[in-house]
Amino acid sequence: MPIKQIKLHKLKMRLNDPFTTSFGTFQDKEFFVTEAVDDEGNRGFGESVAFTSPWYSEETVQTNLHVMEDFLIKTLQENKIEHPDEVSELFTPIKRNNMAKSALEGAVWDLYAKQKNISLAQALGGKKTEIDVGISIGIQPTVDDLLQTIDHYVQKGYKRIKIKIKPGWDIDVLREVRNHFPDTPIMADANSAYTLKDIDHLKQLDDLNLTMIEQPLEHDDIVDHAKLQAVMKTPICLDESIHSLSDTRKAIQLGSCKIINIKIGRVGGLTEAKRIHEYCKDNGIPVWCGGMLEAGIGRAHNIALTTLPQFILPGDTAGSSRYWERDIIKPEVVVQDGVINVPDKPGIGYDIDDEALEKFAVDVKTFNFN
Ligand SMILES: O=C(O)CCC(=O)C1=CC=C[C@@H](O)[C@@H]1C(=O)O
Ligand SMILES: [Mg+2]
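Residues numbered from 1 in each chain as written. Chains lettered and ligands numbered in written order. Predicted model: local features only at pLDDT ≥ 70, side-chain atom pairs only at ≥ 80, totals over all residues. Heavy atoms only, no water.

Digging into the coordination of the magnesium ion (ligand 2)
Working step 1: The protein atoms donating to the magnesium ion (ligand 2) are D189 (OD), E214 (OE) and D239 (OD), with metal-donor distances spanning 2.2 to 2.4 Å.
Working step 2: Here the donor residues for the magnesium ion (ligand 2) map to a single chain with the spacing D-x24-E-x24-D. Residue D189 is found in strand 7 (residues 186–189), and its partner D239 is found in the loop between strand 9 (236–238) and helix 9 (245–254); the two are separated by 50 residues along the sequence. (Donors = N, O, S within 2.8 Å, 3.2 Å for Na, K, Ca; no water. Helix = DSSP H or I, 4+ residues; strand = E, 2+ residues; numbered from the N terminus.)

Encoded structure:
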């Protein structure tokens, strides 16, 4: 699948609304659309997910650019790739920087699927033709705002509601939510806002029939989470702690969690995401596909991954309009009654809106291959 050229389109897009988590609030999103072109003119696309500040992980838009242009693209230029699974192997000597790796690997996967004239879902081995999705709601100004926002999305049929929590905005708020929505699948994402000192406080969550509590403790912990899971009925789901199949194996063996949130960028790409999926399937661990407020290309990759069988819980892949007035793909991702129909066109299955790509681009770098 010889690549002739890689392009890094740096985009800046404004979210419809500010997004608040236990770390803070932002509304402008900068990221890279990666483009891999072959000598037949096929174009494969990926999308980076690191934010402009290192609050979710150690990576940022700037570190992604540095590692892609100074290391990863060189590695792709120096090696002939026959299958996208080879990319993560080639990138192994470069430590961590998973989001940079994933952004480029995603473009290679999309290019490969287009060259084979199959959908990305088929290339990954996925069989589902539609996927159930939930929605993630950032921290709201008041409980009433939260209840109204939840009601809006429950009426739209989203299959699960994810609520951000942090000390001072947790048990009472969730109790209020549960009173208003007694039968709706509800989960909470703490983004590492608690420690084991909060163990008794967190155990109150067990009365609220949550589907899970996501990443309650430190962003790189699996030992304390095992201690917490041992005394909590509510399943713990790990997000930030899981960067690889190796982390997954250790977390499952230690009993640190009962559910894994797989984010393609966080684990270094689709090949590693597939490996984590297979391990969880073999060990009876449900997985779901997390989100990083992606634009349409990242959303399309998440949809393709979610067609694999162990993605049995609704993920965070909402419709494009959840975040964007205008997306960079055509058609946009649409959710109907909490369901997305998986596109069966070659590759990611959505066309790139080149006009939108140009409109939101603040810089484009081109790397030619010999
Ligand atoms: O992309 C989406 O719709 C979900 C986004 C989301 O919930 C998150 C994105 C990034 C960090 C966190 O705030 C949170 C998460 O941890 O899953
Ligand atoms: Mg999370």
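With respect to the nonpolar core
Working step 1: Membership of the largest hydrophobic core comes to 121 residues, with the highest contact counts inside it found for I6, I260 and I328.
Working step 2: Ranked by residue count, the leading element in this core is helix 3 (residues 98–115), at 10 residues.
Working step 3: Three or more residues apiece are contributed to this core by two domains, here domain 1 (5–118 + 351–368) and domain 2 (122–341).
Working step 4: If you look at the next biggest cluster of nonpolar residues, it comprises five residues, including M187, C237, I259 and W288. (Core = buried A, V, L, I, M, F, W, Y, C linked by side-chain atoms within 4.5 Å. Buried < 20%, exposed > 50% of the residue type's maximum accessible area, 1.4 Å probe, protein only. Domains from an automatic or database assignment.)

Structural notes on the packing of helix 1 (residues 61–78) against helix 3
Working step 1: Here helix 1 crosses helix 3 at 50°, and the two axes come no closer than 9 Å. For the element pair helix 1 / helix 3, the angle class is oblique. Of the two possible hands of crossing, helix 1 and helix 3 adopt the one that is right-handed. Facing N64, V67, M68, L72, I73 and L76 of helix 1, the residues of helix 3 in contact are M99, A100, K101, A103 and L104. (Axes fitted to C-alpha atoms, helices over the stretch in contact; angles between N-to-C directions. Parallel < 35°, antiparallel > 145°, perpendicular 65-115°, else oblique. Left-handed = near helix turned anticlockwise from the far one by under 90°. Contact = heavy atoms within 4.5 Å.)

Here we look at the pairing of strand 3 (residues 43–47)
For a regular strand, side chains alternate in direction, first toward one face of the sheet and then toward the other.
Working step 1: Within strand 3, four of the five residues are buried, leaving the element largely enclosed by the surrounding structure.
Working step 2: Here strand 2 (residues 24–38) runs beside strand 3; their pairing, made up of five bridges, is antiparallel. Across the sheet, the residue bridging to V37 is R43, located in strand 3.
Working step 3: Hairpin connection between strand 2 and strand 3: a loop of four residues separates the two successive antiparallel strands, and G41 in this loop has a positive phi of roughly 85°. (Pairing = 2+ DSSP bridges.)

Here's the deal with the site of ligand 1
Working step 1: Around ligand 1 there are 19 residues in total, and S136, K162, K164, L293 and Y323 lie nearest to it.
Working step 2: One nitrogen or oxygen atom from the side chain of N191 is found 2.9 Å from an oxygen atom belonging to ligand 1.
Working step 3: L293 places a main-chain nitrogen or oxygen 2.7 Å from an oxygen atom of ligand 1.
Working step 4: When isolated, ligand 1 has an accessible area of 400 Å², and the protein chains bury 100% of it.
Working step 5: Looking at the shell around ligand 1 residue by residue, the class counts come to seven nonpolar, four polar and eight charged. (Near = heavy atom within 4 Å. Polar contact = N/O pair within 3.5 Å; in protein donor to acceptor, adjacent residues only side chain to side chain. Areas by Shrake-Rupley, 256 points an atom, 1.4 Å probe, with all protein chains shown as cover. Nonpolar A, V, L, I, M, F, W, Y, C, P; charged D, E, K, R; others polar.)

Description of the pattern of salt bridges
Working step 1: One pass over the full model with this rule turns up 23 salt bridges.
Working step 2: K162 is paired through a salt bridge with D316; the nearest N and O atoms lie 2.7 Å apart. Note that K162 is positioned in strand 6 (residues 161–164) and D316 in the loop between helix 11 (296–306) and strand 12 (329–330), a separation of 154 residues in sequence.
Working step 3: For K162, a relative accessible area of 2% translates into the label buried.
Working step 4: With a relative accessible area of 7%, D316 lands in the buried category. (Salt bridge = Lys/Arg side-chain N within 4 Å of Asp/Glu carboxyl O.)

Brief notes about the UniProt feature "binding site: Mg(2+)" (unreviewed entry) in the protein chain
Working step 1: Mapped onto this numbering, the UniProt entry gives "binding site: Mg(2+)" (unreviewed entry) at D189, E214 and D239. Considering the C-alpha atoms alone, the annotated residues occupy 51 residues of sequence yet fold into one spot, their largest mutual distance being 9.3 Å.
Working step 2: The residues contacting D189, other than those within four sequence positions of it, are K162, I163, K164, I165, E214 and Q215.
Working step 3: As for its placement among the helices and strands, E214 is situated in strand 8 (residues 213–214). (UniProt positions renumbered as here; feature names shortened; annotations may be inferred.)

As for the UniProt feature "active site" (unreviewed entry) in the protein chain
Working step 1: Feature annotation in UniProt places "active site" (unreviewed entry) on K164 and K263, given in this structure's numbering.
Working step 2: With respect to the helices and strands, K164 occurs in strand 6.
Working step 3: Along the chain, K263 falls in the loop between strand 10 (259–262) and helix 10 (270–282).
Working step 4: Assessed through its relative accessible area of 5%, K263 is described here as buried.
Working step 5: Excluding residues that lie within four positions of it along the chain, K263 makes contacts with Y56, D239, G290, G291 and M292.

Observations regarding the packing of aromatic side chains
Working step 1: Summed over all chains, the structure comprises nine aromatic pairs.
Working step 2: With centroids separated by 5.2 Å and ring planes inclined at 55°, the aromatic side chains of F26 and F51 adopt a geometry described as tilted. Of the two residues, F26 sits in strand 2 while F51 sits in the loop between strand 3 and helix 1, which places them 25 residues apart along the sequence. Judged on exposure class, the residue F26 and its partner F51 are both buried.
Working step 3: Measuring from ring centre to ring centre gives 4.8 Å for F51 and W55, while their planes differ by 20°; the resulting arrangement is stacked.
Working step 4: By relative accessible area, F51 is classed as buried at 7%.
Working step 5: The ring of W288 carries R160 above its face, with NZ or CZ at 4.8 Å from the centroid. (Phe/Tyr/Trp six-rings, centres within 6.5 Å; stacked < 30°, edge-to-face > 60°. Lys NZ or Arg CZ within 6 Å of the ring centre and 35° of its normal.)

Digging into the domain arrangement of the protein chain
Often, the extent of an interface is quoted as the loss of accessible area on bringing the components together.
Working step 1: For the protein chain, the domain assignment lists domain 1 (5–118 + 351–368) and domain 2 (122–341).
Working step 2: The straight-line distance from the C-alpha centre of domain 1 to that of domain 2 is 23 Å.
Working step 3: Contacts between the two partners involve 42 residues from domain 1 and, on the opposite side, 44 residues from domain 2.
Working step 4: Between domain 1 and domain 2 the total buried area reaches about 3700 Å² when both faces are included, carbon and sulfur atoms providing 61% of it.
Working step 5: At the surface where domain 1 touches domain 2, the tally comes to three salt bridges. (Buried area = accessible area lost by both parts, 1.4 Å probe.)

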